There are 2 protein chains.
Amino acid sequence: MQRGNLLTGLPSRPAEEQIERLVEGRNIRIERIVSTGQASPTGFWYDQPDDEFVVLLSGAARLRFEHDLLALDMKPGDWVEIPAHRRHRVEWTQVEPPTVWLAVHRSG
Amino acid sequence: MQRGNLLTGLPSRPAEEQIERLVEGRNIRIERIVSTGQASPTGFWYDQPDDEFVVLLSGAARLRFEHDLLALDMKPGDWVEIPAHRRHRVEWTQVEPPTVWLAVHRSG
């Protein structure tokens, strides 16, 4: 049986975002993402083919959705369901303590 | 776009476990579960048709799996992937602060 802890074994200030695949099924992918200050490049928008449920577990972050006036400031426990092809970007993530996300990507 | 916070709006000591459906898709169901001391009845085992990924976000709990000698004590951040029909029970959950789980059930 697979198991682990999302809040331990955090990389210490890696240069890049760390993505760890926890579970993968036919139509699903569950990942832990650790951000330490990384943000989307200027002008970049994620445009994903899958629906994504994402929850912030520690740290803090700011998301922005295209055509939305308001940014979405996220604190621990905050979740958002991002429909496929809803263009969004990560404007800012907290460095320390690191920003830990759990993401559930689904297709089909 | 659906969103919320998993750690706020907690029921205060309800008699029963509170299950809130956050997202539902064709092969998936994402729920927040709030336990405040509830446990599985003596001799009861969950025997679920779906795979379940569950992570404990706050509080504490003890799970037991059939034919396992050891119980699984869970603290915040701990996750476990429970394959379909892997019989298990909740032996104990912390009352205060409440025990909050995020569960991802998948079929297909």
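As the structure is a computational prediction, the values presented were derived from the model and not from experiment.

### Looking at the packing of aromatic side chains
Item 1. Overall, the coordinates contain four aromatic pairs over all chains when judged by the stated rule.
Item 2. Here F44(A) and Y46(A) contribute two aromatic rings whose centre-to-centre distance is 5.0 Å and whose plane-to-plane angle is 85°, an arrangement assigned as edge-to-face.
Item 3. According to the relative accessible area criterion, Y46(A) is partly exposed, its value standing at 28%.
Item 4. Over the ring of W45(B) we find R89(B), and its NZ or CZ is 5.9 Å from the ring centre.

### Focus on the sheet that holds strand β7 (residues 78–82) of chain A
Across a sheet, strands are paired by hydrogen bonds formed along the backbone, either parallel or antiparallel in direction.
Item 1. One open sheet holds the six strands; their spatial order is β2(A)-β3(A)-β9(A)-β4(A)-β7(A)-β1(B), and the pairing between them is antiparallel. Of all the strands in the sheet, the pair left with one neighbour each is β2 (18–24) of chain A together with β1 (3–5) of chain B. Averaged over all adjacent pairs, the angle separating strand axes in this sheet is 20°, with direction ignored.
Item 2. One ladder, built from four bridges, connects strand β4 (residues 51–58) of chain A with β7(A); its direction is antiparallel. Bridge pairing links V55(A) to W79(A) in β7(A).

### Quick look at the relation of the copies chain B and chain A
These two copies of the chain differ by a rotation about an axis and a displacement along the same axis.
Item 1. Relative to chain A, chain B is turned by 180° and slid 0.0 Å along the rotation axis, the superposed coordinates differing by an RMSD of 0.0 Å. Both copies of the chain, as the preceding transformation shows, are related through a two-fold rotation axis.
Item 2. Both copies contact each other with a shared surface, as 100% of the interface residues of chain B are interface residues in chain A too.

### Describing the nonpolar core
Item 1. One finds I30(A), F53(A), L102(A), I30(B), F53(B) and L102(B) to be the most contacted residues of the largest nonpolar core, which totals 26 residues.
Item 2. The set of elements that each furnish at least two residues to this core consists of β2, β3 (28–35), β4 and β9 (99–106) of chain A together with β2 (18–24), β3 (28–35), β4 (51–58) and β9 (99–106) of chain B.
Item 3. Beyond its immediate sequence surroundings of up to four residues, F53(B) is in contact with L22(A), V23(A), I30(A), L102(A), W79(B), V80(B), E81(B), L102(B), A103(B), V104(B) and R106(B).

### What to know about the interface of chain B and chain A
Interface size is often expressed as the accessible area that is lost when the parts come together.
Item 1. Each side of the interface is counted separately: chain B has 31 residues, and chain A has 31 residues.
Item 2. Interface area lost by chain B to chain A is led by M1(B), R3(B) and W79(B), which between them contribute 25%.
Item 3. One can count zero salt bridges joining chain B with chain A.
Item 4. Across the contact surface, chain B and chain A share 10 residue pairs in polar contact (both at pLDDT 80 or more).

### Remarks on the environment of V34(B)
Residue and element names in this part refer to chain B.
Item 1. As for its position among the elements, V34 is in strand β3.
Item 2. Linking V34 and P11, residues 23 residues apart in sequence, is a C-alpha distance of 7.8 Å.
Item 3. Once you skip the residues sitting within four places of it in the chain, V34 turns out to touch L10, P11, E17, Q18, P98, T99 and V100.

### A closer look at the pairing of β3(A)
All names here are of chain A.
Item 1. Most of β3 is tucked away: seven of the eight residues are buried.
Item 2. Relative to β3, β2 is paired through six bridges, and the arrangement is antiparallel. Across the sheet, the residue bridging to E20 is R32, located in β3.
Item 3. Counted along the chain from β2 to the antiparallel partner β3, the turn is three residues long.
Item 4. Where β3 lies against β9, eight bridges are found, and the strand directions are antiparallel. Bridge pairing links E31 to A103 in β9.

### Let's talk about unusual backbone geometry
Item 1. Note that the residue after E96(A), namely P97(A), is joined by a cis bond; omega there is -10°.
Item 2. In this structure, P97(A) sits in the loop between β8 (88–93) and β9.
Item 3. The phi dihedral of H67(B) is positive, around 70°, even though this residue is not glycine.
Item 4. Mapped onto the fold, H67(B) is located in the loop between β5 (61–65) and β6 (72–74).

### Looking at the pattern of salt bridges
Side-chain pairs of opposite charge can arise where the charged atoms are in close proximity.
Residue and element names in this part refer to chain A.
Item 1. Inspection of every chain in the model, using the stated rule, returns 23 salt bridges over all chains.
Item 2. A salt bridge links R106 to E81, with the shortest nitrogen-to-oxygen separation between them at 3.0 Å. Pair noted here: R106 is in strand β9 and E81 is in strand β7, with a separation of 25 residues, a long-range link. Taken individually, R106 and E81 each receive the classification buried, so the pair is uniform in this respect.
Item 3. With a closest N to O distance of 3.9 Å, R89 and E91 form a salt bridge.

About the thresholds
Residues numbered from 1 in each chain as written. Chains lettered and ligands numbered in written order. Predicted model: local features only at pLDDT ≥ 70, side-chain atom pairs only at ≥ 80, totals over all residues. Heavy atoms only, no water. Phe/Tyr/Trp six-rings, centres within 6.5 Å; stacked < 30°, edge-to-face > 60°. Buried < 20%, exposed > 50% of the residue type's maximum accessible area, 1.4 Å probe, protein only. Lys NZ or Arg CZ within 6 Å of the ring centre and 35° of its normal. Pairing = 2+ DSSP bridges. Helix = DSSP H or I, 4+ residues; strand = E, 2+ residues; numbered from the N terminus. Axes fitted to C-alpha atoms, helices over the stretch in contact; angles between N-to-C directions. Least-squares fit on C-alpha atoms with pLDDT ≥ 70 in both. Contact = heavy atoms within 4.5 Å. Core = buried A, V, L, I, M, F, W, Y, C linked by side-chain atoms within 4.5 Å. Buried area = accessible area lost by both parts, 1.4 Å probe. Salt bridge = Lys/Arg side-chain N within 4 Å of Asp/Glu carboxyl O. Polar contact = N/O pair within 3.5 Å; in protein donor to acceptor, adjacent residues only side chain to side chain.

By themselves, these figures tell us nothing about what the structure is for.
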